[in-house]
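Each chain, written out:
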Amino acid sequence: MTEKEKNEIKKIIDDQLLSISDEIDELTELTKPIALDNSIGRLSRMDAINNKAINEKALRDKKQTLQKLTRALDRYNEDKLGTCLKCGGDIPFGRLKFMPYTTRCVKCA
Ligand SMILES: [Zn+2]
């Protein structure tokens, strides 16, 4: 990868880190415990419980992606971004652009 390509990936990682942090804040808000009062009806209560489960799953996924992005940033700082962790080969720029946190080349994935 050229310096320019590396910088482009770094920017994608930064952007994704920002937006995912926002999404995590939002989902954390949405997955707060549901109040046990009767201000909402039984049916909307069930809705709320279903939505909460979906949001909790989304929150877990986002947190995982956040971790992967943070590790990608570490690899960028160590100048290892774009190197396959398994075979040491180069990860194509197009693949990194699509999945900046990937640690393996197409062959090893
Ligand atoms: Zn590989």
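The following paragraphs examine the structure supplied in this document. Small disclaimer: the values here were computed from a predicted structure and weren't measured.

**A short note on the overall build of the chain**
Each helix and strand in the chain was counted, giving 3 helices and 0 strands. Starting at the N terminus, the α and β elements of the chain follow one another as α-α-α. Relative to a compact globule of 109 residues, whose C-alpha radius of gyration would be 13 Å, the chain shows 19 Å and is clearly more extended. Within the chain, the proportion of its 109 residues that are buried is 24%.

**Digging into the side chain of T31**
With respect to the element layout, T31 can be found in the loop between α1 (3-30) and α2 (42-77). Residue class for T31 comes out buried when judged on its relative accessible area of 11%. Within the structure, the side chain of T31 is placed 3.2 Å from the backbone oxygen of T28, a separation counted as a polar contact. What T31 contacts, discounting residues up to four positions off in sequence, is K52, N55, E56 and L59.

**Details of α1**
Here α1 is 28 residues long and its end C-alpha atoms lie 40 Å apart, about the 40 Å a rise of 1.5 Å per residue gives. Those residues of α1 that are buried lie in contact with α2 and α3 (93-98).

**Structural notes on the packing of α1 against α2**
Two numbers describe how α1 lies on α2: the axes approach to 9 Å, and their chain directions differ by 150°. The angle between the axes of α1 and α2 places the two elements in the roughly antiparallel class. Judged by the sense of rotation from one axis to the other, the crossing of α1 with α2 is left-handed.

**A look at the coordination of the zinc ion**
For the zinc ion, the protein coordination sphere consists of C84 (SG), C87 (SG), C105 (SG) and C108 (SG), at 2.3 to 2.4 Å. Read in sequence order, the donor residues coordinating the zinc ion give the pattern C-x2-C-x17-C-x2-C. Of this pair, C87 sits in the loop between α2 and α3 while C108 sits in the segment after α3; the two residues are 21 residues apart in sequence, bridging distant segments of the chain.

**Overview of the environment of N77**
Examined against the element boundaries, N77 turns out to sit in helix α2. On the accessibility criterion, N77 (58% relative accessible area) is exposed. Separated by 18 residues in sequence, N77 and R95 have C-alpha atoms that sit 19 Å apart.

Cut-offs used in this document
Residues numbered from 1 in each chain as written. Predicted model: local features only at pLDDT ≥ 70, side-chain atom pairs only at ≥ 80, totals over all residues. Heavy atoms only, no water. Helix = DSSP H or I, 4+ residues; strand = E, 2+ residues; numbered from the N terminus. Rg over C-alpha atoms; globule rule 2.2 N^0.38 Å. Buried < 20%, exposed > 50% of the residue type's maximum accessible area, 1.4 Å probe, protein only. Polar contact = N/O pair within 3.5 Å; in protein donor to acceptor, adjacent residues only side chain to side chain. Contact = heavy atoms within 4.5 Å. Expected span 1.5 Å × (residues − 1). Axes fitted to C-alpha atoms, helices over the stretch in contact; angles between N-to-C directions. Parallel < 35°, antiparallel > 145°, perpendicular 65-115°, else oblique. Left-handed = near helix turned anticlockwise from the far one by under 90°. Donors = N, O, S within 2.8 Å, 3.2 Å for Na, K, Ca; no water.

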